[in-house]
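Fold and geometry: a report
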Amino acid sequence: AAKHKEKRKAKRQMMTTPRVLLLTALIAAANVTCFVQLPAQHRHSRSTSTRTTPKHAFSTQLQATSTASSSSTKATLGSVVTIDCDIKPEGDFVPEPLVDLNGKLTFWLGGGNYLPGLHTLVDGMTVGEKLEGMSLDAGWGEKNPELVLTLNKKEMGANLDVTALQVGVQLMLANGMKASVTEVTDETFTIDANPPLAGASYKVQKLELLSVEQAPTQLEYTPGEASSSTTTTIQACTFALGCFWGGELAFMRQKGVVGTKVGYTQGEKIDPTYQEVCSGTTGHTEAIMVYYDPREVSYEALAELAMDRLGENKFLLNQVGGDRGTQYRHGIYYHNDEQKASAEQIIAKFGADCKTECLPAGKFYDAEDYHQQYLLKGGQSARKDDATTIRCYG
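All values derive from a computational prediction rather than experimental measurement.

Turning next to empty space enclosed by the protein. Under the definition given, this model contains one cavity of 30 Å³ or more. Size it by volume and the largest cavity reaches roughly 60 Å³. Along the walls of the largest cavity sit Thr106, Phe107, Gly111, Gly112, Asn113, Tyr114, Met252, Val257, Val258, Gly259, Thr260 and Lys384, which together make up its complete lining. Secondary-structure elements contributing two or more residues to the lining of the largest cavity are β6 (102–108) and β15 (257–265). With four residues, the single largest contributor to the lining of the largest cavity is β15. Each residue belonging to the lining of the largest cavity can be placed in one class, and the counts come to five nonpolar, six polar and one charged.

Have a look at this one:
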């Protein structure tokens, strides 16, 4: 099943670069094999380079100022925070934002989504504290000069048509990295393997911490409980929709959702790995845990979103799309009696042929870090209410 997913992912990546001339070349000076991609005329496809974790999540400029209130309520990793902010691209960095950056934002601190540096910046703030003038890394890290290389055309040999080189040509290196041709002269050409947005940053025009709430702590079903938490407003719910990448992004875009994570549930093995789950021998299914604010979105709306995303797959047993096996079975896993009643009612609407299971939420094991917010890291928007089609395999 894992090989099946990787093949489909690779196929989808090839399909997203239509009308591209591929030239195989051996660059002796760089000691790498690459594919030279020449963009066709009027080509509009965007880069989907994988986001890297910045060495420094944010940096404080000399003119930055901070004003703290006397409140003792402090934001800590794992809490749910609400901020009022105005964050804008800095310098000539003007990409299409993949996350919301203005107005009131509520999110699970340290749980991904939004800019990585934003989590670091808010961590430790107190309610009422205000910041301005901060510079936030855009999430792609600093530019690495060692990934910029100037090569001599005469040393390329017959395997590379140097006449095809021009600024903007994309090189696919043997190690999977992408590089762009940034300069071409009569004798040399320069390539840059840094992510396109490396070194880019955002300026925090203003940021105020409005509130701090506790995230749910009781994450398994307890009979007789009306809600999944009696100490916080924020609630948890869990869904299995086949491959968890696309489902997670759909929930990230939903207003009222303050955090998500993907993982494995309903199995027997303790703390399984992705490879073990993909083998179909652990009993787990890929699942998405959602933290949401019931003041903004109802549990019923989230369950309906899950069933809508399944489409006709809700009538298939142990299958969603081309992914087959018990590890891809779909289900709604309720955390309390109210969720149980709602889930059973929603699933019943689709009749006896519906194969979506409805079971108590059990132990949830977080998936590996690279799976978390996978499609956002790959360049797909997580803005609230974004209606762009979700490409489930990158």
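This part takes up the nonpolar core. Ranked by internal contacts, the top residues of the largest apolar core, which has 68 residues, are Leu118, Val122 and Phe239. The residues touching Val122, leaving out its near neighbours within four places in the chain, are Ala75, Val81, Ile83, Phe107, Leu109, Leu207 and Leu209. Residues Trp108, Ala215, Ile234 and Tyr291 belong to the second largest nonpolar core, which totals 13 residues.

Before going further, it helps to examine the packing of helix α5 (residues 299–310) against helix α6 (residues 337–348). Between α5 and α6, whose axes approach to 10 Å, the crossing angle comes to 40°. Classified by chirality, the crossing of α6 by α5 is right-handed. Contact with α5, carried on its side by Tyr299, Glu300, Ala303, Glu304 and Met307, involves Gln339, Ser342, Ala343, Ile346 and Ile347 of α6 and no other residues of that element. Along the lines of polarity and charge, the residues of the contact of α5 with α6 split into six nonpolar, two polar and two charged.

Taking 1.5 Å per residue as the helical rise, α5 with its 12 residues ought to reach 16 Å, and the 17 Å between its terminal C-alpha atoms agrees with that figure. A positive phi of about 60° marks Gly311, the residue just after α5.

Our focus in this paragraph is the packing of helix α3 (residues 244–252) against α5. It is at 11 Å that the axes of α3 and α5 come closest, and there the two elements cross at 140°. When the interaxial angle is binned, α3 and α5 end up oblique. Of the two elements, α3 crosses α5, and the hand of that crossing is right-handed. Contacts from Gly246, Gly247, Ala250 and Phe251 of α3 reach α5 at Leu302, Leu305, Ala306 and Arg309. Class assignment for the residues of the contact of α3 with α5 results in five nonpolar, two polar and one charged.

Between side chains of opposite charge, a pair can form when the charged atoms approach closely. As enumerated under the stated definition, the model contains 12 salt bridges in all. The network of salt bridges with common partners includes Glu213, Asp293 and Arg295.

On to the packing of aromatic side chains, then. Applying the stated criterion across every chain, the model contains seven aromatic pairs. Between Phe239 and Phe251 the ring centres are 5.2 Å apart and the planes differ by 15°, which places this aromatic pair in the stacked class. Taken as a pair, Phe239 in strand β14 (residues 235–240) and Phe251 in helix α3 lie far apart in primary sequence, 12 residues in all. Take Phe239 and Phe251: they sit in the same class, and that class is buried. Considering the side-chain rings of Phe239 and Tyr299, the 6.3 Å spacing of their centres and the 20° angle between planes classify their relative orientation as stacked. Taken together, the residues span a long stretch of sequence, with Phe239 in strand β14 and Tyr299 in helix α5 at a distance of 60 residues. Side by side, Phe239 and Tyr299 carry an identical accessibility label, which is buried. Against the face of Phe350 rests Lys314, its NZ or CZ located 4.5 Å from the ring centre.

How each quantity is defined
- Residues numbered from 1 in each chain as written.
- Predicted model: local features only at pLDDT ≥ 70, side-chain atom pairs only at ≥ 80, totals over all residues.
- Heavy atoms only, no water.
- 1 Å grid on protein atoms, 1.4 Å probe; cavity = no way out; pocket = protein on both sides within 12 Å on 5 of 7 lines; lining within 4 Å.
- Points joined across faces, edges and corners; volume = space filled by probe spheres on them.
- Helix = DSSP H or I, 4+ residues; strand = E, 2+ residues; numbered from the N terminus.
- Nonpolar A, V, L, I, M, F, W, Y, C, P; charged D, E, K, R; others polar.
- Core = buried A, V, L, I, M, F, W, Y, C linked by side-chain atoms within 4.5 Å.
- Buried < 20%, exposed > 50% of the residue type's maximum accessible area, 1.4 Å probe, protein only.
- Contact = heavy atoms within 4.5 Å.
- Axes fitted to C-alpha atoms, helices over the stretch in contact; angles between N-to-C directions.
- Left-handed = near helix turned anticlockwise from the far one by under 90°.
- Expected span 1.5 Å × (residues − 1).
- Parallel < 35°, antiparallel > 145°, perpendicular 65-115°, else oblique.
- Salt bridge = Lys/Arg side-chain N within 4 Å of Asp/Glu carboxyl O.
- Phe/Tyr/Trp six-rings, centres within 6.5 Å; stacked < 30°, edge-to-face > 60°.
- Lys NZ or Arg CZ within 6 Å of the ring centre and 35° of its normal.

Note that every value here comes from positions in space, so none of it alone points to a role or purpose.
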